[in-house]
Amino acid sequence: MQIMIDQLEGIVGKAHVLQGAEVTDRHSPYSPDAYDAGLLVRPGSAEEVAAICALAHRSGVSLVPHGGVTGLVEGTASESGNIILGFERMNRILRVDPEQMILVAEAGASLESVIAAAADVRMMPGVDIPSRGSATLGGMTSTNAGGVRVLRYGMMRENILGLEAVLPDGTVLSSLNTLMKNNAGFDLKQLFIGSEGRLGLVTKVAIKLHPKPIQEETALVATDSFETLIRLLSRARQEIGADLLSFEAVWPEYYDITTSQPGFGARPLALGSGIFAVIETAQWSEGEESRLEPFLERAFEAGLLEDAALAKSDSERQAIWRAREDSDAVLQAFPFSLSFDIGFELKDMSPFAEELRAKLTEAHPELEQFFFGHMGDGNLHIMVGGPEGKRDERHKIEALIYETAGQYRGSTISAEHGIGFEKKAFLGTSRSEAEIALMQKLILTLGGGINDGKVV
Ligand SMILES: Cc1cc2nc3c(=O)[nH]c(=O)nc-3n(C[C@H](O)[C@H](O)[C@H](O)COP(=O)(O)OP(=O)(O)OC[C@H]3O[C@@H](n4cnc5c(N)ncnc54)[C@H](O)[C@@H]3O)c2cc1C
């Protein structure tokens, strides 16, 4: 191992090869095993990444790429004998072009830094996720991240124009297209979007930018049932059209815990309704008339709403979003917790939630259950929390949830978070044998050796 460390130091410099407690003392609340390898190397360029890949490939050592380590499926889990490859030094924004609406950045750039660079020219990226402070462009590409504006702008796949990647054997593949149209041969970037690092390491990404609204209008609404919420969503799509940015569902137990956090202040709406939703719309120019307020008035008249709070200030808007996004509140409240990310046809979302609630209550009465999600995209998040002792029953709880979801035709065990280490055993619930075999073939063809210790 010492020879390998000397060679790594030769590639990136002594200061960027971290070992022992300097690595294992790091901690991620989302991926507890992330730093178990105890060896972390921090390249500063694609060439250095390529040299590390070639060295690992020759030596048969598995690499574990780390972006912001906010992934929720233990995709960054490492073990002794692995090398963690951290992108923290490769975080530069390389190009912002407002005319062509393009941004190019290194893989380690945080989403927050991308949002800030785009905002300087009154633009924004299409994808926004609550973990924006730490999540990186490379991690978001590798997981095909979704988030709170997918219904308007799509997932990362719809927003990436091109990328640079390093193959497991160290070949640098520059596919950094910035054109809107380019049908010259295969669209190779697709290999690296959503494949969780298995086919190569993403080092640079070119994304589309979109005009930034001059202002967002945000409301928290309350309805009697999920069925009414589906009608409200349909109506919002028809009446607000492309100005509808987000439509997110929040069940009462989740709303209760997120709005009970220290410093939250008064709840935007009282508890007591069947289900809540956050609706956000865009205004594009000064003095433009509100789209959201008249929509809410019409929805009240049509009997679709029980209550609504329209944010009148930035702090009110932030409070509404905190009620939706503060999933850490669940993590902090329980010694043991799990989170799930199921995709459904809209009609199945509520029947599944009710069926699962009943089954979990019967089989695991000690667990508390929290439901919320990107309703406009048919994506339900479930978190369960309970005492430490439930950790031993983790696999049973996961199996119950995935088997219940599997009964709903067309469902998926991962709408946006990926498979990672956590869902490896359950991939067959959502993908056929032929599909999994082809994935394996692609991994082997390109060389393997990245994330293969713990990820499918
Ligand atoms: C509070 C919270 C809210 C979240 N909300 C959302 C949401 O709304 N939508 C959503 O999609 N996700 C969400 N996530 C999950 C997570 O933020 C995303 O999966 C994100 O894309 C991960 O980015 P990261 O940089 O942290 O990647 P990491 O966690 O570091 O890595 C994720 C995976 O990608 C691999 N990887 C990382 N960088 C590279 C690279 N450069 N090249 C190749 N492989 C790489 C890793 O090995 C790992 O398998 C949320 C997470 C949290 C904590």
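Reading the values: the criteria
Residues numbered from 1 in each chain as written. Predicted model: local features only at pLDDT ≥ 70, side-chain atom pairs only at ≥ 80, totals over all residues. Heavy atoms only, no water. 1 Å grid on protein atoms, 1.4 Å probe; cavity = no way out; pocket = protein on both sides within 12 Å on 5 of 7 lines; lining within 4 Å. Points joined across faces, edges and corners; volume = space filled by probe spheres on them. Helix = DSSP H or I, 4+ residues; strand = E, 2+ residues; numbered from the N terminus. Nonpolar A, V, L, I, M, F, W, Y, C, P; charged D, E, K, R; others polar. Axes fitted to C-alpha atoms, helices over the stretch in contact; angles between N-to-C directions. Parallel < 35°, antiparallel > 145°, perpendicular 65-115°, else oblique. Left-handed = near helix turned anticlockwise from the far one by under 90°. Contact = heavy atoms within 4.5 Å. Salt bridge = Lys/Arg side-chain N within 4 Å of Asp/Glu carboxyl O. Buried < 20%, exposed > 50% of the residue type's maximum accessible area, 1.4 Å probe, protein only. Core = buried A, V, L, I, M, F, W, Y, C linked by side-chain atoms within 4.5 Å. Domains from an automatic or database assignment. Pairing = 2+ DSSP bridges. Near = heavy atom within 4 Å. Polar contact = N/O pair within 3.5 Å; in protein donor to acceptor, adjacent residues only side chain to side chain. Areas by Shrake-Rupley, 256 points an atom, 1.4 Å probe, with all protein chains shown as cover. Buried area = accessible area lost by both parts, 1.4 Å probe.

A. Spatial organisation of the layout of surface pockets. Roughly 820 Å³ of volume is contained in the second largest pocket. Lining the second largest pocket we find 33 residues, and of these Gly194, Ser195, Glu196, Arg431 and Met439 sit closest to its centre. In terms of residue count, the dominant contributor to the lining of the second largest pocket is helix α16 (residues 433-446) (5 residues). Taken together, the residues of the lining of the second largest pocket sort by class into 16 nonpolar, 10 polar and 7 charged.

B. Summary view of unusual backbone geometry. Positive phi values are uncommon outside glycine, yet Val69 reaches one of about 55°. Within the secondary structure, Val69 is located in the loop between β3 (63-66) and β4 (83-86). The backbone phi angle of Asn144 is positive, close to 50°, even though this residue is not glycine.

C. Quick peek at the packing of helix α8 (residues 226-240) against helix α13 (residues 346-363). Orientation of α8 relative to α13, taken along the N-to-C sense of each, is 160°, at an axis distance of 10 Å. With respect to each other, α8 and α13 are oriented roughly antiparallel. Where α8 crosses over α13, the handedness of that crossing is right-handed. Of the residues in α13, those in contact with Phe226, Glu227, Ile230 and Leu233 of α8 are Leu346, Met349 and Ser350. Residues that form the contact of α8 with α13 fall into these classes: 5 nonpolar, 1 polar and 1 charged.

D. Seen up close, the pattern of salt bridges. Counting across every chain of the model gives 30 salt bridges. Among the ionic pairs, Glu366 bridges to Lys390, the shortest N-O distance being 3.1 Å. With Glu366 in the loop between α13 and β16 (368-374) and Lys390 in the loop between β17 (379-386) and α14 (394-406), this pair connects stretches of sequence that are 24 residues apart. Lys390 sits in the buried class, given a relative accessible area of 4%. When salt bridges that share partners are traced, they join Glu74, Arg394, Glu398 and Glu422 into one network.

E. Fine view of the nonpolar core. By size, the foremost hydrophobic cluster in this structure holds 48 residues, and its most contacted members are Leu232, Phe247, Phe352, Leu380 and Ile382. For this core, the element with the most residues is α8, which contributes 6 residues. Two domains share this core, each providing at least three of its residues, namely domain 3 (215-325) and domain 4 (333-441). Leave out the neighbours within four places in its chain, and Leu380 touches Trp251, Phe340, Asp341, Ile342, Phe344, Met349, Phe352, Ala353, Phe371, Phe372 and Gly373. Counting 27 residues, the second-largest nonpolar core is a separate cluster that includes Leu111, Ala135, Met156 and Ala165.

F. Spatial organisation of the sheet that holds β3. Here we have 4 strands laid out as an open sheet, ordered β1-β2-β4-β3, and mixed in their pairing. In this open sheet, the two strands that pair with only one neighbour each are β1 (17-19) and β3. Taking each pair of neighbouring strands and ignoring which way they run, the sheet shows an average axis angle of 25°. Here strand β2 (residues 39-41) runs beside β4; their pairing, made up of 2 bridges, is parallel. Paired with Val41 across the two strands is Leu85, which belongs to β4. Relative to the sheet, helix α1 (residues 2-12) contacts β1, β2 and β4, its axis offset from that of β1 by approximately 140°. Contacting β2, β3 and β4, helix α3 (residues 46-59) runs over the sheet at an angle of about 155° to β3.

G. Representation of the site of the ligand within the structure. Taken together, 36 residues sit near the ligand, with Pro65, Gly67, Thr70, Ser131 and Thr136 positioned nearest. Here Thr143 contributes a side-chain N or O atom positioned 2.8 Å from an oxygen atom of the ligand. Contact with the protein chains covers 97% of the free accessible surface of the ligand, which is 970 Å². Counting residues per element, the ones that place at least two in the shell around the ligand are β3, α5 (137-142) and β10 (201-211). Broken down by element, the residue count for the shell around the ligand peaks at 4 residues, all from α5. Looking at the shell around the ligand residue by residue, the class counts come to 13 nonpolar, 21 polar and 2 charged.

H. Just the domain arrangement of the chain, in detail. When the domains of the chain are assigned, the result is domain 1 (2-88), domain 2 (93-211), domain 3 (215-325) and domain 4 (333-441). Computed over C-alpha atoms, the centres of domain 3 and domain 4 are 26 Å apart. Taken together, the contacts link 15 residues of domain 3 with 18 residues of domain 4. Buried surface at the junction of domain 3 and domain 4, summed over both partners, amounts to about 1,400 Å²; 67% is from carbon and sulfur atoms. Looking only at domain 3, the three residues that lose the most surface to domain 4 are Phe226, Trp251 and Tyr254, adding up to 38% of its buried area. Run the count over domain 3 and domain 4 and you get 1 salt bridge. Here Glu253 ties to Arg357 by a salt bridge, and the two come within 3.3 Å at their closest N and O atoms. At the junction of domain 3 and domain 4, the tally comes to 8 residue pairs in polar contact (both at pLDDT 80 or more). Contributing elements (two or more residues each) for the side of domain 3 that touches domain 4: α8, β12 (244-250) and α9 (252-258). Taken together, the residues of the side of domain 3 that touches domain 4 break down into 10 nonpolar, no polar and 5 charged.

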